[in-house]
Every structure is written in structure tokens, then in C-alpha cells.
Amino acid sequence: MDDSAERITRGAAFKRGVAAAATGLVVASATAVRAEASRDQDEAIAVVKRLIRLEEATAAAYELAADRGALRGLARAGPRYVREQELRHREVLIEALQKLEGTLARELPPPLALDIPVRAPEAAIARAVLRLEHRTYAGYLEAHSVLRGGGLLAILTAIMANEGQHLAMLRLAVNRKPVPTAFETAGPNTSSILGGTR
Amino acid sequence: MSADTRPGQRDGRSRRDFFGLTALAAGAQAAAWSGCGGSGPEGPPPEVPNVERDIAILAPVLDQEYAAIAAYEAVIPDLGGSTRRTATQFADQERQHADRLAAVIRRLGSEPRGPRPARAYSSTFPDRGDRKRALGFAVDVEETAIAAYIDALGKLSTAALRSEAAVILTTESEQLSVLLDELGLDPIPNAFVGGRPLPI
């Protein structure tokens, strides 16, 4: 083998090495991106499942309030009107979940306990609904720090703002200031509403 | 109740002029930034902080808050009793939003702009003169603010910033409901504030 042939061979080998290394980097990078996307997807699915249960609990609380004659003047239309909005949220969340999972929703977490005594007086039911609504809002707010954006976050934003409106009208109904603060935070005892999703 | 039937929107073309321009500026600026290394409109934003882009998104939202403060100051004289107290409280809350946004922009390493001269805002405000029109204008102000925050929320690059925007957006939505209620309208006319987003 003459010198030039050897140089060509070495050059070719070097190029092949660089190409192989570059390919390896690209593959590793693509794998990392896929893994991150998969992790994001799993997280989004867990968040949505939890939010579905929160919506169901809140809808049930409004139903109980309506049955017991509590919150009659809520939002000018009564608790069943607000309950319908919670059910619309649930419906859209289930659609989102089906798109995320590519199938029907499976293995939702256990339903949340209402924690409202059936024979509680109207005022106590109203306060309990307000607590539940605040917990639901806190779940959506927490979702905004868990999810990275995109179409799902846009849906959750639109619902979260509506839950805030429910809060304002509930406060009015129980003779509290409807917008007591310039920053509607999740409150002191709601830091792990979506606990277990991360 | 359809949003189109609200009194605040029937003759709202002129009153929207200023706010429309503000929102357009926000959208154009954000769109310009989205073409500079950010994700496209379909994809989620990267979690890697994009400080310059975040500042560009928040700056027009801050100006929107200044406009809201000016608007409330303009409508308060048209109101009386508890409605006046409510509007005064909301004006104060808008000032707190502006202070918070300015602090966030400062934290990101930029000096926030202060409000423009009062005339720059008030010159585009609609004629009011009575309670109903004043409240209708306030409804428009809140709807514009909500649109600005929803737009910003989908583009901010970090969870911390999204959370900051989210707690303000919710407050603006609550204020909107109270104003609609004061007008005798359905205070929560839609289960999805800002309209139902497109499916994911």
C-alpha cells in the first residue's frame, strides 16, 4: 500500500468515525426528546385524570346544593346552571384524555369524597361548595406549573378562569367579597391538589 | 346570554379602538418573537427560559394594565354607591397587577416602561355618562385584559411566569363576572372563558 492510499484510507476512516459519532449524537438526542415527550404526555394524562375527578366532585356538590335548596340565587340561575358548566368541563377533559391516550379513558383515580354531611344546613352546604370550588381552581392553577403549554394548557386556562368566576359568584352568594384579592392564588392548604402526578 | 348581546359590546367599536390597538401590538410583538427561535403556534413553548421573549410578551400586557387603570379612573365618577366602591377596588387591583408585572419584568433583567401620558389612553375611551355605559366599558376593559393574559399564558417560557399570569387572569375573570352581574346580565355566560379552545 503506498502512502497516498494509506492517507485516503485514514481520511475515510476518520470521516466515517465523525459521521458515526454525529449519527450517534442525533439518535441519542432524538431518544432524549422522545423520552421527554413521553414523560410530558404521562404527566399530562395524570393531571387531566385528576382534574376530571375534581370536576365530578364539584358538580356533585352543586347537585347536592340544588337538592337542598342552597345557593338558590347563585349566578342568577342557581347551582344547577353552574353544575352544567362543570359537566361541560368534564366532557372536554375526557375528550382531551382520549386524544392523549389514543383510547377511552381508563384507570381514573378513585372518585373524591364530597365530605358534605347530607343533612347539613344550607349555609354549611354553601360553604362546603365554596371549599370544593376553591380546591378545583387550585388544581387548575397547579396544572399551569406542571404542563408546558400547547393545546391542553389552553383548554385548562379557559376552564381555570371560569372556575374563578364560579368562586366570585359563590362568595357573593355567601355574602363575602367576590374578588377579595388581586391575585387568586390556591390558598394555604391546597398545595398538593394534583399530588401524585409528578 | 350571548356575548354579542351585552350592552357593553353593542356600541363598542369606538371604545375598543384603544384596547384593540393594545391587543394588536401585543399579538404582533409575540408573533415576531415566535419567529425568532421560539416554537410555532402549534407546538408547546420550550421550558428553557427565553428571557427576551418573555419580556417582549409581558411588556404589552403591562401597558394593558396601565390602560385598565386609566379606564377605571375614568368610569368611577359615573358610578355610585356599592358599584362605585367595587370599581374603586378593581382599579386598585389593576394597580397591583401592574406593580407585579413591572417587578417580574425587572426580575427578568429589563426596566419596565411606565404608563404613557393619561391622554394617550383617555383619548380613545368611548362616551359614557351613565352607569350602564360606564359598566359596559368596564366589561370591555376586562374582556380585553383576559384576552391579553390568555394569549400570554400560552407563550411564556417558564412555569413560574405562567403561574404569575394565571393568578392575574383569574382575578380579571372574577372582576368580569362581578361587572356582568352589576349590569343584570349572566355573570358566567360561558363555561370556557375566552371561548372554548380548539381541541388538542
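Our structure's up above, just so we're on the same page.
Rules behind the numbers
Residues numbered from 1 in each chain as written. Chains lettered and ligands numbered in written order. Predicted model: local features only at pLDDT ≥ 70, side-chain atom pairs only at ≥ 80, totals over all residues. Heavy atoms only, no water. Helix = DSSP H or I, 4+ residues; strand = E, 2+ residues; numbered from the N terminus. Buried < 20%, exposed > 50% of the residue type's maximum accessible area, 1.4 Å probe, protein only. Areas by Shrake-Rupley, 256 points an atom, 1.4 Å probe, with all protein chains shown as cover. Phe/Tyr/Trp six-rings, centres within 6.5 Å; stacked < 30°, edge-to-face > 60°. Contact = heavy atoms within 4.5 Å. Buried area = accessible area lost by both parts, 1.4 Å probe. Salt bridge = Lys/Arg side-chain N within 4 Å of Asp/Glu carboxyl O. Polar contact = N/O pair within 3.5 Å; in protein donor to acceptor, adjacent residues only side chain to side chain. Nonpolar A, V, L, I, M, F, W, Y, C, P; charged D, E, K, R; others polar. Axes fitted to C-alpha atoms, helices over the stretch in contact; angles between N-to-C directions. Parallel < 35°, antiparallel > 145°, perpendicular 65-115°, else oblique. Left-handed = near helix turned anticlockwise from the far one by under 90°. Core = buried A, V, L, I, M, F, W, Y, C linked by side-chain atoms within 4.5 Å. Expected span 1.5 Å × (residues − 1).

Caption draft 1: Spotlight on the overall build of chain B. A count of helical and extended segments in chain B gives seven helices and zero strands. For chain B, the proportion of its 200 residues judged to be buried stands at 52%. Total accessible area on chain B stands at roughly 8500 Å², and carbon and sulfur atoms take up 55% of it.

Caption draft 2: Here's a closer look at the packing of aromatic side chains. Residue and element names in this part refer to chain B. Per the stated rule, a full pass over the model turns up two aromatic pairs over all chains. Aromatic side chains Y72 and F90 sit 6.2 Å apart centroid to centroid with 80° between the ring planes, which places their arrangement in the edge-to-face category. Of this pair, Y72 sits in helix α3 (residues 51–75) while F90 sits in helix α4 (residues 81–107), placing them 18 residues apart in sequence. Taken as a pair, Y72 and F90 share a single burial class, namely buried. Seen in terms of ring centroids, F125 and F137 are 5.0 Å apart; in terms of plane orientation they differ by 55°. Their pairing is tilted.

Caption draft 3: Quick peek at the interface of chain B and chain A. Across the contact, 43 residues belong to chain B and 48 residues belong to chain A. For the pair chain B and chain A, the summed buried area comes to about 3700 Å², and 64% of that belongs to carbon and sulfur atoms. Inspection of the region where chain B meets chain A yields two salt bridges. For the salt bridge of E174 of chain B with R171 of chain A, the shortest nitrogen-to-oxygen distance reads 3.6 Å. The tally of links between chain B and chain A comes to 20 residue pairs in polar contact (both at pLDDT 80 or more). Looking at the side of chain B that touches chain A, the elements with two or more residues in it are α4, α6 (131–153) and α7 (159–182) of chain B. Here the side of chain B that touches chain A gets 16 residues from one element, more than from any other, and that element is α7 of chain B. Partitioning the side of chain B that touches chain A into residue classes produces 23 nonpolar, 13 polar and seven charged.

Caption draft 4: Spotlight on the packing of helix α2 (residues 79–101) of chain A against helix α4 (residues 150–173) of chain A. Residue and element names in this part refer to chain A. At a minimum axis separation of 11 Å, α2 and α4 run at an interaxial angle of 165°. When the axes of α2 and α4 are compared, the pair comes out roughly antiparallel. Relative to α4, the crossing made by α2 is left-handed. Of the residues in α4, those touching α2 at V82, Q85, E86, H89, V92, L93, A96 and L100 are L152, I155, L156, I159, N162, E163 and H166. Residues that form the contact of α2 with α4 fall into these classes: nine nonpolar, four polar and two charged.

Caption draft 5: Spotlight on the side chain of E55 of chain A. Along the chain, E55 of chain A turns up in helix α1 (residues 3–67). Setting aside chain neighbours within four positions, we find E55 of chain A in contact with E86, H89, R90, L93, T136, Y140, I159 and E163 of chain A.

Caption draft 6: Spatial organisation of the pattern of salt bridges. Under the definition given, this model contains 19 salt bridges over all chains. Of the charged contacts, one joins R76 of chain A and D181 of chain B as a salt bridge, the two residues approaching to 2.8 Å between their closest N and O atoms. Taken as a pair, R76 of chain A in the loop between α1 and α2 and D181 of chain B in helix α7 lie in two separate chains rather than in one. The class of D181 of chain B is buried, set by a relative accessible area of 18%.

Caption draft 7: Main features of the nonpolar core. Counting 109 residues, the largest nonpolar core has L51 and L156 of chain A as the members making the most contacts within it. For this core, the secondary structure elements donating two or more residues are α1, α2, α3 (122–146) and α4 of chain A together with α3, α4, α6 and α7 of chain B. The leading source of residues in this core is α3 of chain B, at 14 residues. Ignoring any residue separated from it by four or fewer positions in sequence, one finds L156 of chain A in contact with V47, L51, L93, Y140, A143, H144 and L147 of chain A.

Caption draft 8: Quick look at α3 of chain B. For α3 of chain B, built from 25 residues, the straight-helix expectation of 36 Å at 1.5 Å per residue is met to within 8% by its first-to-last C-alpha distance of 36 Å. Within α3 of chain B, 21 of the 25 residues are buried, leaving the element largely enclosed by the surrounding structure.

Caption draft 9: Here's a closer look at the environment of L79 of chain B. Residues and elements named next belong to chain B. Considering the arrangement of structural elements, one finds L79 in the loop between α3 and α4. C-alpha of L79 to C-alpha of E47: the two residues are 32 residues apart in sequence and 45 Å apart in space. Ignoring sequence-local partners within four residues, the contact set of L79 consists of R84, A87, R131, A134 and L135.

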